[in-house]
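# Overview (structure and organization)
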Amino acid sequence: MVTKTLELIFDFGSPNAYLTLKALPELLDRTGADLIITPCLLGGIFKATGNKAPMIQYADAPAKLAYEHLEMQRFITKHGLTKFRLNPHFPVNTLTIMRGAIVAEDEGHLDDYIDAVNRAMWEEGLKMDDPEIIAAFLSANGFDGPALLARTQEPGIKAKLVANTEAAVARGAFGIPTFFVGDEIFFGKDRLGQVEAALA
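Residues numbered from 1 in each chain as written. Predicted model: local features only at pLDDT ≥ 70, side-chain atom pairs only at ≥ 80, totals over all residues. Heavy atoms only, no water.

When its secondary structure is counted, the protein chain shows ten helices and four strands. Order of helices (α) and strands (β) in the protein chain, N terminus to C terminus: β-α-β-α-α-α-α-α-α-α-α-β-β-α. Taking 16 Å as the expected radius of gyration for a compact globule of 200 residues, we find that the protein chain reaches 17 Å, a close match to that expectation. If one aligns the C-alpha atoms of the protein chain with their principal axes, the spans along those axes are about 50 × 40 × 35 Å. Residue burial in the protein chain is summarised as follows: out of 200 residues, 44% are buried. For the protein chain, the computed accessible surface area is about 10200 Å², with 54% contributed by carbon and sulfur atoms. Each charge sign in the protein chain was given a centre, from 19 positive and 26 negative side chains, and these centres are 5 Å apart. (Helix = DSSP H or I, 4+ residues; strand = E, 2+ residues; numbered from the N terminus. Rg over C-alpha atoms; globule rule 2.2 N^0.38 Å. Buried < 20%, exposed > 50% of the residue type's maximum accessible area, 1.4 Å probe, protein only. Areas by Shrake-Rupley, 256 points an atom, 1.4 Å probe, with all protein chains shown as cover. Lys, Arg positive; Asp, Glu negative; His and termini not counted. Charge placed at Lys NZ, Arg CZ, Asp CG, Glu CD.)

Shown next as C-alpha cells:
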C-alpha cells in the first residue's frame, strides 16, 4: 500500500489558506491521503517571484477584484464555512506567527497550533502581529505563549522558515495556498478538484 501525500504550502496571511484547510478533511477522507503542512512566508514568496496580493494586483481592475470576492463567497457557501470573517487588521504581518509554526512543528504540535492561530486570524479577527496579543491568545489556548514567542527568535527557527520558503519558490510556488502531489504543483483553493484527481 503506497501512502499518498498532499503537501500544502501555508501561511496564516492568506484567507484562502484558511478556507482550504477547512475544506480539506473531506478530500483527505475520500482519497486516503496524508496531509503535510509546510510553513512558509507568503511575503517572501511574493518578493522572490514578483507576485502580489490580489487586492494590490487587481487594484486597477475592480471587476476582477469583485469576481475574486464572488469566488470566495461561493467557496464559503459550498463548504458551510460560516465562522469565517475577514480580519479587520488585514493585511497582518505574519512573520512572528509563522516562526511560531516552525516552533510548534519542532515541538510536535503544528496541527493544534495552526487550528488555534487560524481561528484567531480568520474567526476572531485578532491583530496577530502584536506580540502581547499573540502571547495572550496562545496561553489561553493551551500553549505557553511567552515561551513559544521566545523561541521564535532562535536563529535555527528563523533559518528553517527562510529555507522552507526558498525551497517552495524553487519548486515553482508563487503564492498560497500551493499544493504538491509528488512533483505536480497546484495553486489555489479552486484547484481542489484537480488535487483530488491527482491523488486518486
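All right, on to helix α10 (residues 192–199) then. Taken as a whole, α10 has its buried residues at L192, V195 and L199. Summarising the axial view, the buried residues of α10 lie within an arc of 55°, below the 170-degree limit, and thus occupy one face. The exposed residues of α10 that point more than 90 degrees off its buried face are G193 and A197. Those residues of α10 that are buried lie in contact with β1 (5–10), α1 (15–31), α4 (62–79), β3 (178–181) and β4 (184–187). (Arc of directions from axis to C-beta. Contact = heavy atoms within 4.5 Å.)

By themselves these figures say nothing about function.
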